[in-house]
Amino acid sequence: MKVSLKWLKKYVDVNVPIEELASRLTLAGLEVESVENLGQKYEKFLVAEVLEVKSHPNADKLAVCSVNTGKETLSIVCGAPNVAPGQKVPIALVGATVPRDQHDPEGRPFTLGKALIRGVESSGMICSEFELGLGSDAQGIMVLDQDAPIGMPLARYLGLDDVVLEIAVTPNRPDCLSHIGIAREVAALFGLKVKKPAIRLTESSGRTVAWASVEILDLENCPRYSARVIHDVRVEPSPKWLQDQLRAVGVRAVNNVVDITNFVLLELGHPLHAFDYDRLEGKRIVVRKAKEGEHFVTLDGRGRSLTSETLMICDAVRPVAIAGVMGGANTEISDSTRNILIESAYFSPRSIRRTSKRLGVSTDASQRFERGADPNITIAALNRCAQLVQEVCGGVVLKGVIDIYPNKILPKKVSLRFSRVNEILGTAISPKKVSTILTSLELSPMKVAPSKSPKRVLIQVPTFRPDIEREIDLIEEVARIYGYENIETKMGTALKFASQPVPESLGDRCREMLIARGYRELVTNSLQKKSVASLSGQEVVEVQNPTSEDMAALRTSLIPGMLEVIRHNIYHGTEDLRLFEIGNIFRCAKAGERGRYFPGYLEQEVLGLAVTGRATPPGWEGKSREIDIYDLKGDIEVLLGKIFLDKIKSIYYSTTNTLTELSVAIEINGSCVGFFGKISSSLRKLFDIERDVLAAELSLDVLRSVPRRKITFESLPKYPPVSRDLAFVVDERTPVGEVEKAIRDSGGDLLKGIQLFDLYKGDQIPAGKKSCAFSLEFISLQRTLTDEEIDKTTRRIVEHVKRALGAELRG
């Protein structure tokens, strides 16, 4: 919504710096997105008079003009064919920035300097509409009215010595889509009064109802329709003051009748439409739904196909406007129009919103109707328009109005407790101050309890405020105008803390940690095709009455659903994926197994992981490697370590699981919690995935039952660590994890860290053996360790590993 400051001041005497006005409006919920000084771009532009026009001595199509600026006479070379002596014209002085260059394909601005044009000096420029950014005519100069004062700054003459505020009005505030609406807010914020325009009409003896009639066939979507008829109007360009005011807020002038309807829209916020009365068949208005597929040409010249849900304004024979959106070309105001019918109606916001969206058309009228126009301003807007038509167009206003309004929409009444205002806002605003604020917004107190200290008031909410429905809405209005910045920030809480801590959710902890490691969460359907659910090799639980073949069974694993997501992403160009899902799987119980919920069926909550693509994106160091099973194993170990689980074993085994071709079982404290591995090539082929996919499935039910290590606080060590490297030669079938366990079991309290840094098989060790080299870190929290202590602990470790695993210390 663009608001002209000059226009606004007609309704409220606000005299504060523009920055303060913008700030106060923004803090009150009407965000001022920009403030534009319109006159700035016309600095060094004046109204001047052409005194003499001579042919250019060196160019047939150029003329040398003597121009009076009021202070001096300038010589300006001009190529316009319509320049003539005696004209009042806009000129740009040397140093001015001309808004548009007609010789530039993009019309970019340029700064004017003194120029030598074909040997003749030119000290300025006579401008066209196009060059001034005021129109599209670039063929000739812009000729001003003969009464234009010589030497007047062009911005002042054009009415552009103005400041325009661009306000982002939220959808719930249709009352602020007008200058009167913004004036009401400004008056409330600064303690001023709103001056609404006085409406005075001179009506003829002829009655409107004798010249036209209105019938509403859809009262649900058009609760009210008001109309006036005006005879003998003169359709011509609008007077300068009207064009100036519209131009300031970015509205193009059309003709005086159309411009007046736009003016009233921007002044009062209510859309109007003027029809050529003589082109209305039967001199009748009928409001009805369109016929399915009905064709209609709107004012923009476009033919539109309508549906049976489109509300139309029709005459006795045909449609003449799309209600609340746009008029029709068949009854538009033209130079030949002599009699007009003015429409002022109220349409259902939902109906206009649907029509606007369906047609892809958004107009100033539809934006207001779909947010909720005021149903009780139709007559005032109609009379204001008739008044201006009479003054500007010389029309004869027929007596009375047609007003079809069978089911009146009454103002709402909302009760307000003064104590609740201060309770919510944390303030001590007096009841009198609250009433003053609400009254300034035309939210009128109706009834106060009969006591010296009233506790409650009944507020009548005008129909131009459809957003106010409850007490809390009134409290918000008090807060806005009182000023959020004036509400003291206090420390306090109304929270009640539970006496017992909230149980920790294992699923949520896993979710947070996986997201932190770059995984994305999936939610897939637990119903699948029976063939897909059977892929895990488990006995499938079938649905008795499936809605489709694709939902005939409950999933027995999360992995097939995750593979479908991976395939979809790869098809759409995303190949590097780290995914997880937390959900339930189902299978038929085996002999001796008991289901938690239903006999014969097992339901289990599991965590599924799936990774594919590159481990890291390529960088300047070189190409990235593909994710491998060790990346997935590392993520699982980090996850389990973060939830305080230790004694984790990874056991490679030959599996009959049809999902993976290389599987590793995960065991914690002797309990199997799941597996991870590489998806089999046959399964990848079934899902049309060409690259390797690694997946894991962990039972959250089992993880909850596994004892966790107790986490205690330890201060940071004050004494330096000591490192020793040991390499053991063991049987190549011995897992590295067993060697690490043997080291940890014999290392005692001083051993704080173990890190494998080398694994070797080759000529320097016997066949069937491998060398595992570990870096050991020893720390004491009480003292600096001596070489004797470290050597003693190291010997104990070596002896224990030799006994337990038959290992040899490599020299």
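Residues numbered from 1 in each chain as written. Predicted model: local features only at pLDDT ≥ 70, side-chain atom pairs only at ≥ 80, totals over all residues. Heavy atoms only, no water.

### Description of the overall build of the chain
Thought 1: For the chain, the helix and strand inventory stands at 22 helices and 41 strands.
Thought 2: A fraction of 68% describes how many contacts in the chain between residues 6 or more apart in sequence connect residues 24 or more apart.
Thought 3: Element-wise, carbon and sulfur atoms account for 50% of the exposed surface of the chain, whose accessible area totals about 42000 Å².
Thought 4: Once the 108 positive and 106 negative side-chain charges of the chain are each reduced to a mean point, those two points are 5 Å apart. (Helix = DSSP H or I, 4+ residues; strand = E, 2+ residues; numbered from the N terminus. Contact = heavy atoms within 4.5 Å. Areas by Shrake-Rupley, 256 points an atom, 1.4 Å probe, with all protein chains shown as cover. Lys, Arg positive; Asp, Glu negative; His and termini not counted. Charge placed at Lys NZ, Arg CZ, Asp CG, Glu CD.)

### Some points on the packing of aromatic side chains
Thought 1: Here the structure, examined in full by the defined rule, presents five aromatic pairs.
Thought 2: Seen from their ring centres, Phe 347 and Phe 369 are 5.1 Å apart, and the 70° between their planes marks the pair as edge-to-face. Within this pair, whereas Phe 347 is found in the loop between strand E23 (340-346) and helix H9 (349-359), its partner Phe 369 is found in helix H10 (residues 364-371), the two being separated by 22 residues in sequence. As far as the burial class goes, Phe 347 and Phe 369 line up, both buried.
Thought 3: When the ring centre of Phe 130 is taken as reference, the NZ or CZ atom of Arg 100 above it lies at 3.9 Å.
Thought 4: When the ring centre of Phe 464 is taken as reference, the NZ or CZ atom of Arg 184 above it lies at 4.0 Å. (Phe/Tyr/Trp six-rings, centres within 6.5 Å; stacked < 30°, edge-to-face > 60°. Buried < 20%, exposed > 50% of the residue type's maximum accessible area, 1.4 Å probe, protein only. Lys NZ or Arg CZ within 6 Å of the ring centre and 35° of its normal.)

### Some remarks on the sheet that holds strand E4 (residues 59-68)
Thought 1: Reading across from one edge, E5-E4-E3-E6-E11 is the order of the five strands in this open sheet, with antiparallel pairing throughout. With partners counted over all chains shown, the strands left at the sheet margins are strand E5 (73-78) and strand E11 (125-126), one partner each.
Thought 2: Taken together, the six bridges between E4 and E5 define a ladder with antiparallel strand orientation. Residue pairing for E5: Val 67 is matched across the bridge by Leu 74. (Pairing = 2+ DSSP bridges.)

### Let's talk about the sheet that holds strand E12 (residues 163-168)
Thought 1: Within the open sheet, the three strands sit side by side as E1-E12-E2. Their pairing is antiparallel. Edge positions in the sheet fall to strand E1 (2-4) and strand E2 (31-37), since each has one partner strand and no second. Averaged over all neighbouring strand pairs, the angle between strand axes comes to 25°, with direction disregarded.
Thought 2: In terms of strand pairing, E2 meets E12 through six bridges, oriented antiparallel. Opposite Val 32, over in E12, you have Ile 167 as the bridge partner.
Thought 3: Across the sheet, helix H2 (residues 18-27) lies against E2 and E12, angled at about 160° from E2, the strand it touches most. (Axes fitted to C-alpha atoms, helices over the stretch in contact; angles between N-to-C directions.)

### Considerations on the environment of Leu 154
Thought 1: Along the chain, Leu 154 falls in helix H4 (residues 154-157).
Thought 2: Apart from the residues within four sequence positions on either side, Leu 154 is in contact with Tyr 42, Phe 45, Leu 46, Val 47, Pro 90, Leu 132 and Leu 144.

### A word on the pattern of salt bridges
Thought 1: By the definition in use, this model includes 54 salt bridges.
Thought 2: Linking Asp 300 and Arg 304 is a salt bridge whose minimum nitrogen-to-oxygen distance equals 2.7 Å.
Thought 3: Several salt bridges converge on common partners, so that one network encompasses Arg 173, Asp 175, Glu 185, Arg 465, Asp 467, Glu 477 and Arg 480. (Salt bridge = Lys/Arg side-chain N within 4 Å of Asp/Glu carboxyl O.)

### Brief notes about the environment of Tyr 157
Thought 1: Turning to its location among the elements, Tyr 157 is positioned in helix H4.
Thought 2: Sequence-distant contacts of Tyr 157, that is, excluding residues within four places in its chain, are made with Val 47, Leu 144, Asp 145, Ala 148, Pro 149, Met 152, Lys 240 and Asp 244.
Thought 3: Among the polar contacts made by the side chain of Tyr 157, one reaches the main-chain amide nitrogen of Asp 145 at a distance of 3.5 Å. (Polar contact = N/O pair within 3.5 Å; in protein donor to acceptor, adjacent residues only side chain to side chain.)

### Comments concerning the state of the cysteines
Two cysteines joined by a covalent bond between their sulfur atoms form a disulfide.
Thought 1: According to the stated counting rule, one finds zero disulfides in the structure shown.
Thought 2: No disulfide involves Cys 672; its nearest neighbouring cysteine sulfur is the one of Cys 510, lying 16 Å away. (Disulfide = S-S within 2.5 Å.)

### Regarding the pairing of strand E15 (residues 224-231)
Thought 1: Counted residue by residue, E15 has eight buried out of eight residues, so it is predominantly covered.
Thought 2: Every second residue of E15 is oriented toward a common face, with Arg 224, Ser 226, Arg 228 and Ile 230 on one face and Tyr 225, Ala 227, Val 229 and His 231 on the other, all of them buried.
Thought 3: In terms of strand pairing, E15 meets E23 through seven bridges, oriented antiparallel. Bridging from a neighbouring strand, Arg 224 pairs with Tyr 346 of E23.
Thought 4: In this structure, E15 lies alongside strand E25 (residues 402-404), joined through three bridges in antiparallel fashion. Directly across from Ala 227, in E25, lies its bridge partner Ile 402.
Thought 5: In the sheet, E15 pairs with strand E24 (residues 396-399) via two bridges, with the strands oriented antiparallel. If you follow His 231 over to E24, its bridge partner there is Val 396.

### With respect to a nonpolar patch on the surface
Thought 1: A cluster of nonpolar residues, Tyr 630, Tyr 652 and Leu 662, forms a patch on the protein surface that exposes about 350 Å² of accessible area.
Thought 2: Here Tyr 652 falls in the partly exposed class, since its relative accessible area comes to 48%. (Patch = residues over 30% accessible without salt bridge, like charges linked within 9 Å, V, L, I, M, F, W, Y side chains within 5 Å.)

### Points about the pairing of strand E37 (residues 693-699)
Thought 1: Taking burial as the measure, the seven residues of E37 include seven buried ones, the bulk of the element.
Thought 2: Residues Val 693, Ala 695, Glu 697 and Ser 699 point to one face of E37 and Leu 694, Ala 696 and Leu 698 to the other, with burial holding for every one of them.
Thought 3: For strand E33 (residues 601-612) and E37, the ladder comprises seven bridges, and the chain directions are antiparallel. In the strand pairing of E37, Val 606 is matched with Ser 699.
Thought 4: Here strand E36 (residues 671-679) pairs with E37 via five bridges, running antiparallel. The residue of E37 that forms the bridge with Gly 677 is Ala 695.

### Overview of the side chain of Asp 259
Thought 1: On the secondary structure map, Asp 259 appears in helix H8 (residues 256-268).
Thought 2: Buried charged residue Asp 259 carries no salt bridge. Nearest counter-charge: Arg 252, at 7.6 Å.
Thought 3: In this structure Asp 259 touches Ser 238, Leu 242, Leu 246, Arg 252, Ala 253 and Val 254, once residues within four positions along its chain are discounted.

### Details of the environment of Lys 10
Thought 1: Position of Lys 10 relative to the elements: it lies in the loop between helix H1 (5-8) and H2.
Thought 2: It is 8.6 Å that separates the C-alpha atoms of Lys 10 and Lys 196, two residues lying 186 residues apart in sequence.
Thought 3: Contact partners of Lys 10, with chain neighbours within four places excluded, come to Lys 195 and Gln 245.
Thought 4: Polar contacts involving the side chain of Lys 10 include one to the side chain of Gln 245, which spans 3.3 Å.

### Observations regarding helix H22 (residues 787-805)
Thought 1: In a regular helix each residue adds 1.5 Å, so 19 residues correspond to 27 Å; H22 covers 27 Å between its end C-alpha atoms and thus fits that length.
Thought 2: Those residues of H22 that sit buried are Ile 790, Thr 793, Thr 794, Ile 797, Val 798 and Val 801. An end-on view of H22 places all buried positions within 140° of arc, on one side of the element. Facing away from the buried side of H22 by more than 90 degrees, the exposed set consists of Glu 788, Lys 792 and Arg 803.
Thought 3: On its buried face, H22 sits against strand E38 (722-731), helix H21 (736-747), strand E40 (769-778) and strand E41 (808-809).
Thought 4: Residue Gly 806 follows H22 closely and has a positive phi angle near 65°. (Expected span 1.5 Å × (residues − 1). Arc of directions from axis to C-beta.)

### Things to note about the packing of helix H13 (residues 431-440) against helix H14 (residues 471-482)
Thought 1: Across the interface, H13 lies against H14 with an axial gap of 10 Å and an inter-helix angle of 90°. It follows from the interaxial angle that H13 and H14 lie roughly perpendicular. Contacts from Lys 433, Val 434, Ile 437 and Leu 438 of H13 reach H14 at Leu 474, Glu 477, Val 478, Ile 481 and Tyr 482.
Thought 2: Split by residue class, the contact of H13 with H14 holds seven nonpolar, no polar and two charged. (Parallel < 35°, antiparallel > 145°, perpendicular 65-115°, else oblique. Nonpolar A, V, L, I, M, F, W, Y, C, P; charged D, E, K, R; others polar.)

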